Amino acid sequence: MTGIILTVEIEEKREVVSTEAGKPLMEVLRENQIYINSPCGGKGTCGKCRITVLAGRLGIRVSDTEPGGMAKVEETALACRSFLIEDCTINLGHLQEQD
């Protein structure tokens, strides 16, 4: 697997992490203690884990096994349905409240 640099912006804060291509975005965020609201448990039904792509692209899965497409710069995507395909910068928006 190829190394990927993920940059995460949350309000005024910026986190940079290294990971592997193909890895689910939600998993990478959790492994690096970056909180994102996901009350549905990552099933893609609540929409609370919506992020914005600022640079690069993310792969999108329609379901747990079916790839769907890509999210590009200035597009939004659900973190629970996204996976890393290249170096990417995302914005989590306002600091998300923990449930």
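About the thresholds
Within any chain, residue numbers begin from 1 and follow the written order of that chain's sequence. Only residues with pLDDT of 70 or above have their local features reported here, since the model is predicted, and side-chain atom pairs are shown and tallied only from 80 upward, although totals for entire chains, interfaces and linings are computed over all residues. The side-chain quantities take in all heavy atoms of the structure and omit both hydrogens and water. Numbering of helices and strands runs from the N terminus, with a helix taken as a DSSP run of H or I at least four residues long and a strand as a DSSP run of E at least two residues long. We call two residues in contact whenever any of their non-hydrogen atoms come within 4.5 Å of each other. pLDDT measures how confident the predictor is about each residue, on a scale from 0 to 100. Buried means the residue's accessible area, taken with a 1.4 Å probe over protein chains only, is under 20% of the maximum for its type, while exposed means over 50%, and partly exposed covers the values in between. Two N or O atoms form a polar contact when they lie within 3.5 Å of each other; inside protein one atom must be a possible hydrogen donor and the other a possible acceptor, and for residues adjacent in sequence the pair counts only when both atoms belong to side chains. Pairing between two strands is assigned when DSSP locates at least 2 bridges connecting them. The salt bridge definition used is simple: a Lys or Arg side-chain nitrogen within 4 Å of an Asp or Glu carboxyl oxygen.

### Quick word on the overall build of the chain
At step 1: In terms of helices and strands, the chain carries one helix and eight strands.
At step 2: Starting at the N terminus, the α and β elements of the chain follow one another as β-β-α-β-β-β-β-β-β.
At step 3: Taking all contacts inside the chain whose residues are at least 6 apart in sequence as the whole, residues at least 24 apart take part in 57%.

### Some remarks on the confidence of the model for the chain
Regions with low pLDDT should not have their predicted coordinates read in detail.
At step 1: Looking at the chain, the pLDDT average stands at 88 and 88% of residues meet or exceed 70.
At step 2: At the low end of the mean pLDDT range in the chain sits strand β5 (residues 67–71), at 82; at the high end sits strand β8 (residues 88–91), at 97.

### Some words on the side chain of K23
At step 1: Within the secondary structure, K23 is located in the loop between β2 (13–20) and α1 (25–31).
At step 2: Take K23: its relative accessible area is 17%, and that puts it in the buried class.
At step 3: Polar side-chain contacts of K23 include one of 2.9 Å to the side chain of E31.
At step 4: Excluding its chain neighbours within four sequence positions, the residues that come into contact with K23 are V28, E31, F83 and L84.

### Here we look at the pairing of β8
In the case of a regular strand, side chains alternate between the two sheet surfaces.
At step 1: Neither face of β8 is exposed, since C88 and I90 on one face and T89 and N91 on the opposite face are all buried.
At step 2: Both strand β1 (residues 3–10) and β8 contribute to a ladder of four bridges, which runs parallel. Among the inter-strand pairings, L6 is bridged to a residue of β8, identified as C88.
At step 3: Of the strand pairs in this sheet, strand β3 (residues 50–55) and β8 are connected by three bridges, and their pairing is antiparallel. Of the residues in β8, the one forming a bridge with T52 is N91.

### Points about unusual backbone geometry
At step 1: Unusually for a residue other than glycine, E11 sits at a positive phi of about 50°.
At step 2: Note on placement: E11 falls in the loop between β1 and β2.
At step 3: One non-glycine residue, E74, lies in the positive phi region at around 75°.

### Let's talk about the environment of G56
At step 1: Topologically, G56 is positioned in the loop between β3 and β4 (58–61).
At step 2: Assessed through its relative accessible area of 21%, G56 is described here as partly exposed.
At step 3: A sequence separation of 31 residues divides G56 from D87, and the C-alpha atoms of the two residues are 6.0 Å apart.

### Things to note about the pattern of salt bridges
At step 1: As enumerated under the stated definition, the model contains five salt bridges in all.
At step 2: The partner of R14 in a salt bridge is E9, with the nearest N and O atoms 2.3 Å apart.
At step 3: Owing to a relative accessible area of 55%, R14 belongs among the exposed residues under this scheme.
At step 4: With a relative accessible area of 17%, E9 lands in the buried category.
At step 5: Across the pair K13 and E15 runs a salt bridge whose closest N-O atoms are separated by 3.3 Å.
At step 6: A residue is classified by how much of its surface remains accessible, and E15, at 27% relative accessible area, is partly exposed.
At step 7: A network of salt bridges, in which partner residues are shared, links K23, E27 and E31.

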